[in-house]
Amino acid sequence: MKACGLNQHVGSDPVTFRQWKEAFRQRLGVLYEQAEADSLFYWSVEEITGISKARLLAEMEQPVPLKSVPLLKSVLQRLEKAEPVQYVFGKAFFAGMELRVGPGVLIPRPETEELFQWACESLPLSGHSASARILDLCTGSGALALALAKTFPDAQVYACDLSSIALSTAGRNAHDLGLSVRLFQHDVLEGNLPESVVAGGPFQLMVSNPPYVLPSEKDLMRSNVLDYEPDMALFVDEEDPLAFYRALARIARAHLAPGGFFLAEINESFPRENKDLLVAAGFEEVEVRHDFRGKHRMVRARMPLFI
Ligand code: GLN
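The name recorded for the protein chain in an unreviewed UniProt entry is peptide chain release factor N(5)-glutamine methyltransferase, from Candidatus Pullibacteroides excrementavium. Comment text from UniProt for the protein chain, heading Catalytic activity (unreviewed entry), reads "L-glutaminyl-[peptide chain release factor] + S-adenosyl-L-methionine = N(5)-methyl-L-glutaminyl-[peptide chain release factor] + S-adenosyl-L-homocysteine + H(+)".

(A) Structural view of the UniProt feature "domain: Release factor glutamine methyltransferase N-terminal" (unreviewed entry) in the protein chain. Listed under "domain: Release factor glutamine methyltransferase N-terminal" (unreviewed entry) in the UniProt record, and renumbered for this structure, are residues 25-90. A helix fraction of 64% and a strand fraction of 0% characterise residues 25-90, whose end C-alpha atoms lie 22 Å from each other.

(B) Quick look at the environment of serine 126. Counting through the fold element by element, serine 126 comes out in the loop between helix H6 (110-125) and strand E3 (133-137). The buried category is assigned to serine 126, whose relative accessible area is 8%. C-alpha separation for the pair serine 126 and leucine 305, spaced 179 residues apart in sequence, amounts to 9.5 Å. Other than its neighbours up to four places away in sequence, serine 126 contacts Gln204, Gly259, Gly260, Phe261 and Arg302.

(C) Local environment of the pairing of E3. Burial within E3 is extensive, with five of its five residues counted as buried. Here E3 shows a buried face lined by Arg133, Leu135 and Leu137 and a second buried face lined by Ile134 and Asp136. By the bridge criterion, five bridges tie E3 to strand E4 (residues 156-161) in an arrangement that is parallel. Bridged to aspartate 136 within E4 is alanine 159. Remark: the E3/helix H7 (residues 143-151)/E4 crossover connection has right-handed handedness.

(D) A look at the packing of aromatic side chains. Tallying each qualifying case throughout the model produces five aromatic pairs. Relative to phenylalanine 203, the ring of tyrosine 158 has its centre 5.6 Å away and its plane inclined at 90 degrees; by these criteria the two rings are edge-to-face. Of the two residues, tyrosine 158 is situated in strand E4 and phenylalanine 203 in strand E6 (residues 203-208); the sequence distance between them amounts to 45 residues. A residue is classified by how much of its surface remains accessible, and tyrosine 158, at 8% relative accessible area, is buried. Ring-pair connections join several aromatic residues into one group, and the members of that group are Phe24, Phe41 and Tyr42.

What counts and how
- Residues numbered from 1 in each chain as written.
- Predicted model: local features only at pLDDT ≥ 70, side-chain atom pairs only at ≥ 80, totals over all residues.
- Heavy atoms only, no water.
- UniProt positions renumbered as here; feature names shortened; annotations may be inferred.
- Helix = DSSP H or I, 4+ residues; strand = E, 2+ residues; numbered from the N terminus.
- Buried < 20%, exposed > 50% of the residue type's maximum accessible area, 1.4 Å probe, protein only.
- Contact = heavy atoms within 4.5 Å.
- Pairing = 2+ DSSP bridges.
- Right-handed = clockwise from strand over helix to strand, strands pointing away.
- Phe/Tyr/Trp six-rings, centres within 6.5 Å; stacked < 30°, edge-to-face > 60°.

Here it is as structure tokens:
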């Protein structure tokens, strides 16, 4: 097969889908691996033309419809500036759900789906999975809370965030998905949970993906995250990287039912510190797990059965 490099049409725009795919590879090559550039191409084409990847693979030599070209061009320009594709199209996928996302709201990550899976395994062990009360702290787009509400339809799911943008996004996501999550604004680092939330009794499950990246780790991060995603959802005080985990442990100790579970995503550099903190707070069965990249990424702790 003939290679379709950009130099074949210097000075003119790509025409066929194959040429556009090559243009994505070349222009996004500085930012993304080839496989990522390809998936950005397929995602963009599907959003703009409605042609799925499966169909497109058979139509690669066809010209891109003229009416789709300006949009494809402007999408490629935005991606080239490292804007995350999820913000370009205003959506992300999490645990089989489509969620709205936008600037000001963290894009749900695949490792957080692993935390969700672990939470799903944990709730039945608490002994109350049907009518459970579940709380997601620092919910962002609502990803964890919504996935849990979908999996456990009889549970009462609560979720909080400090950010008003996050709360309104999570609310729209709940509405679009027809799921019920009680959202409230709360700063985990300050004060107690609202009386209206704790009045219903203790929770069987608490989950959280709080900010945990150190400012000194910025060098390791890519510009699509650094330049576009909210600092508030990512970064913690360099001098006190466990601040959120201390606050979360305090809330969990105060409001988890005996035998209930607390699960959180963690910074891979602090597995031991997170474990020690939870053990010192009086939790049992404290366990750290790796994510699919082999990094210490999540912790689970259980409230003692007899307090
Ligand atoms: N895992 C995210 C990242 O790498 C960080 C999420 C968080 O701080 N909770 O960008």
